[in-house]
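Here is how the chains run, residue by residue.
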Amino acid sequence: MPERYGLLVLLGAGVGLRQGEALGLALDRVHSDEGMITINQQVIVINRRPQLGPPKTSASLRDVLMPMFVAAAINEQVERFDLTADAVLCRTGRGSLLRRDYFNKKIWKPALVAAKLPGDVTLLSRPGARCRDCSQSVSPGRSPNPPCRSLGNGLSTVSIVRRG
């Protein structure tokens with residue numbers, strides 16, 4: 001991953017943020033001393049322009065625990081890119097918000113190719129995700145590899161994220 005966007009991987013794998021939540025995470029929502037991140041906004045696209053907006057449902061408004069390695073990566077991001085207190089942590093080189101489709105096509109897919117990973121690996125997942133082969137629910141309370149009817153083992157996006 002380019003250094004500007006590596007934090008997005010840690011926010012997905014280490015914290016479990018959805019993609020829009022990670023793209024819209026601002027520094028003033030990070031509480032390093034408490035080890036918490038407040039989720040109350042995400043990147044939404046209106047008329048092909050990304051902007052910050054509320055999550056889809058009120059259940060998405062929450063505080064999540066943040067491991068120390070994620071807090072350290074956030075601090076590095078702030079220092080490296082000289083971010084202000086209310087700045088969104090991961091922006092384009094020009095300073096604008098990232099659109100999901102742009103990120104997936106121009107940043108994530110080339111990173112998968114460079115790492116020699118399958119093209120169907122997704123960056124971020126969440127509790128309640130579904131197995132890509134059989135659509136069975138995969139959540140943290142269950143095995144990451146549920147029984148699957150397909151010929152493969154039915155690896156879910158959750159298990160791929162957990163495996164790094």
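Within any chain, residue numbers begin from 1 and follow the written order of that chain's sequence. Residue-level local features of this predicted model are given only where pLDDT is at least 70; pairs of side-chain atoms are given and counted only at 80 or more, and the full residue set underlies all totals for whole chains, interfaces and linings. No hydrogens and no water enter the side-chain calculation; it runs on all heavy atoms of the structure.

1. Let's talk about helix H3 (residues 68-81)
In this text, helices come from DSSP runs of H or I with a minimum length of four residues, and strands from runs of E with a minimum of two, each type numbered from the N-terminal end. For a helix, the expected span equals 1.5 Å multiplied by the number of residues minus one. Between the first and last C-alpha of H3 there are 20 Å, a value that for 14 residues agrees with the 20 Å anticipated at 1.5 Å per step. Taken together, the buried positions of H3 are occupied by Val70, Ala71, Ala73, Ile74, Gln77 and Val78. End-on view of H3: buried residues confined to an arc of 160°, all on one side of the axis. Among the exposed residues of H3, those oriented more than 90 degrees off its buried face are Met68 and Glu79. The inward-facing, buried residues of H3 contact helix H1 (6-15) and strand S1 (30-31). Only protein chains enter the accessibility calculation, which uses a 1.4 Å probe. A residue is then buried if its area is under 20% of the maximum for its type, exposed if over 50%, and partly exposed in between. Throughout, the arc means that of the directions going from the helix axis to the C-beta atoms. Two residues form a contact once any of their heavy atoms are found within 4.5 Å.

2. Here's the deal with the nonpolar core
Among the nonpolar cores identified, the biggest contains 33 residues, and Leu8, Leu11, Leu17, Ile37, Ile74 and Leu89 are the most heavily contacted of them. It is H3 that contributes the most residues to this core, five residues altogether. Filtering out sequence-adjacent residues up to four positions away, Leu89 remains in contact with Leu7, Leu25, Ala26, Leu27, Val30, Ile74, Gln77, Val78 and Leu83. Here, the term nonpolar core denotes a set of buried Ala, Val, Leu, Ile, Met, Phe, Trp, Tyr and Cys residues that are joined through side-chain atoms within 4.5 Å.

3. A few points about the side chain of Ser60
Within the fold, Ser60 resides in the loop between strand S4 (49-53) and strand S5 (62-65). Looking at Ser60, the relative accessible area reads 9%, which means it is buried. Excluding residues that lie within four positions of it along the chain, Ser60 makes contacts with Arg18, Glu21, Ile39 and Pro55.

4. So, the pattern of salt bridges
Pairing between side chains becomes possible if they bear opposite charge and their charged atoms approach one another. We count a salt bridge whenever a side-chain nitrogen from Lys or Arg sits within 4 Å of a carboxyl oxygen from Asp or Glu. By the definition in use, this model includes six salt bridges. Across the salt bridge formed by Arg29 and Asp28, the nearest N and O atoms sit 2.7 Å from each other. Judged by relative accessible area, which is 38%, Asp28 ranks as partly exposed. Its salt-bridge partner being Glu76, residue Arg80 comes within 3.7 Å of it at the nearest N-O pair. Of this pair, Arg80 and Glu76 both sit in helix H3, four residues apart, which is roughly one turn of the helix. Its relative accessible area of 39% is what places Arg80 among the partly exposed residues. Looking at Glu76, the relative accessible area reads 45%, which means it is partly exposed.

As far as function goes, none of this settles anything; it's purely spatial.
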